[in-house]
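Analysis of the macromolecular model
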Amino acid sequence: MTDMAQAKPQVTESSYVTLHYRIRLASNDQVIVSTFEDKPATLQLGAGQLASGLESCLLGMQAGQREIFMVSADKAYGEVNPDLYRPVSKKLLNQYAEEGTSFEPGEFVHFPAPDGGQFAGTVVEERDDHILFDFNHPLAGKALHFEVQLIGVL
């Protein structure tokens, strides 16, 4: 039996994995995302589908394992970067944002950039001629509980 258990593939930095996972805030157990109530996810490690700190928790796991990891903010989505608090002019927003887009403090909004890309950020406050946005990841600065049930490894 021991030989068979050792023969199970282990997660490596380039594995494809099928798993259920739940991400909760460590501070208050608020569930951010969970696949346990639906279909499992299939991801390729290293493709940016999960934060690298969360992916590193999976390394060495085998199919059938279930674990809960405590992931510090710096290992999850990073610390809050004050340089990512940026003003965006109301003129630019009126020109590029979809009509009817509201910019209420605390809202996470997506809007087109002049170069054809996308901006996504949290509205911090409205000022006279601009709106201050926080362009950090919404989970930046937050420690997480990362619960994983690994179903398969390729």
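Our structure is the block above this text.
Our subject in this report is the structure included herewith. (Residues numbered from 1 in each chain as written. Predicted model: local features only at pLDDT ≥ 70, side-chain atom pairs only at ≥ 80, totals over all residues. Heavy atoms only, no water.)

Geometrically, a pair of aromatic rings is defined through the distance of the ring centres and the angle of the planes. Taken as a whole, this structure holds eight aromatic pairs when the rule is applied. Aromatic side chains F69 and F146 sit 6.4 Å apart centroid to centroid with 35° between the ring planes, which places their arrangement in the tilted category. In this pair, F69 is assigned in strand β4 (residues 66-71) and F146 in strand β9 (residues 144-153), connecting sequence segments 77 residues apart. Exposure remark for F69: the relative accessible area of 19% places this residue in the buried category. Following the ring pairs from residue to residue traces out a cluster consisting of F103, F111, F119, F133 and F135. (Phe/Tyr/Trp six-rings, centres within 6.5 Å; stacked < 30°, edge-to-face > 60°. Helix = DSSP H or I, 4+ residues; strand = E, 2+ residues; numbered from the N terminus. Buried < 20%, exposed > 50% of the residue type's maximum accessible area, 1.4 Å probe, protein only.)

All right, on to the nonpolar core then. V11, L19, L58 and F146 are the most contacted members of the largest nonpolar core, which totals 24 residues. Every element with two or more residues in this core is listed here: β1 (16-25), β3 (41-44), α2 (52-58), β4 and β9. Apart from residues lying up to four places away in sequence, L58 is in contact with V11, L19, L45, L50, F146 and V148. Among the nonpolar cores identified, the runner-up in size contains nine residues, and L93, F111, I131 and F133 belong to it. (Core = buried A, V, L, I, M, F, W, Y, C linked by side-chain atoms within 4.5 Å. Contact = heavy atoms within 4.5 Å.)

With that settled, the discussion passes to the pattern of salt bridges. Close approach of charged atoms allows side chains with opposite charge to pair. In total, this model carries seven salt bridges according to the counting rule given. A salt bridge links R24 to D29; the nearest nitrogen and oxygen atoms lie 2.9 Å apart. In this structure, the salt-bridge partner of D74 is K75, at a minimum N-O distance of 3.9 Å. Counted as one network, the salt bridges with shared partners bring together R22, E37, R66 and E147. (Salt bridge = Lys/Arg side-chain N within 4 Å of Asp/Glu carboxyl O.)

Even without a glycine there, the phi angle at D29 is positive, about 65°. When its relative accessible area of 40% is taken as the criterion, D29 is described as partly exposed.

Quick look at the side chain of R24 now. Examined against the element boundaries, R24 turns out to sit in strand β1. Once residues lying within four places of it in the same chain are set aside, the contact partners of R24 are D29, Q30, V31, I32, I68, A143, L144 and H145.

Glancing now at the side chain of E55. Tracing the backbone shows E55 in helix α2. Notably, E55 is buried but unbridged: the nearest opposite-charge side chain belongs to K75, and the N-O separation is 15 Å. Within polar-contact distance, the side chain of E55 engages the backbone nitrogen of G46 at 2.9 Å. Beyond its immediate stretch of four places on either side in the chain, E55 contacts Q44, L45, G46, A47, G48, Q49 and L50. (Lys, Arg positive; Asp, Glu negative; His and termini not counted. Polar contact = N/O pair within 3.5 Å; in protein donor to acceptor, adjacent residues only side chain to side chain.)

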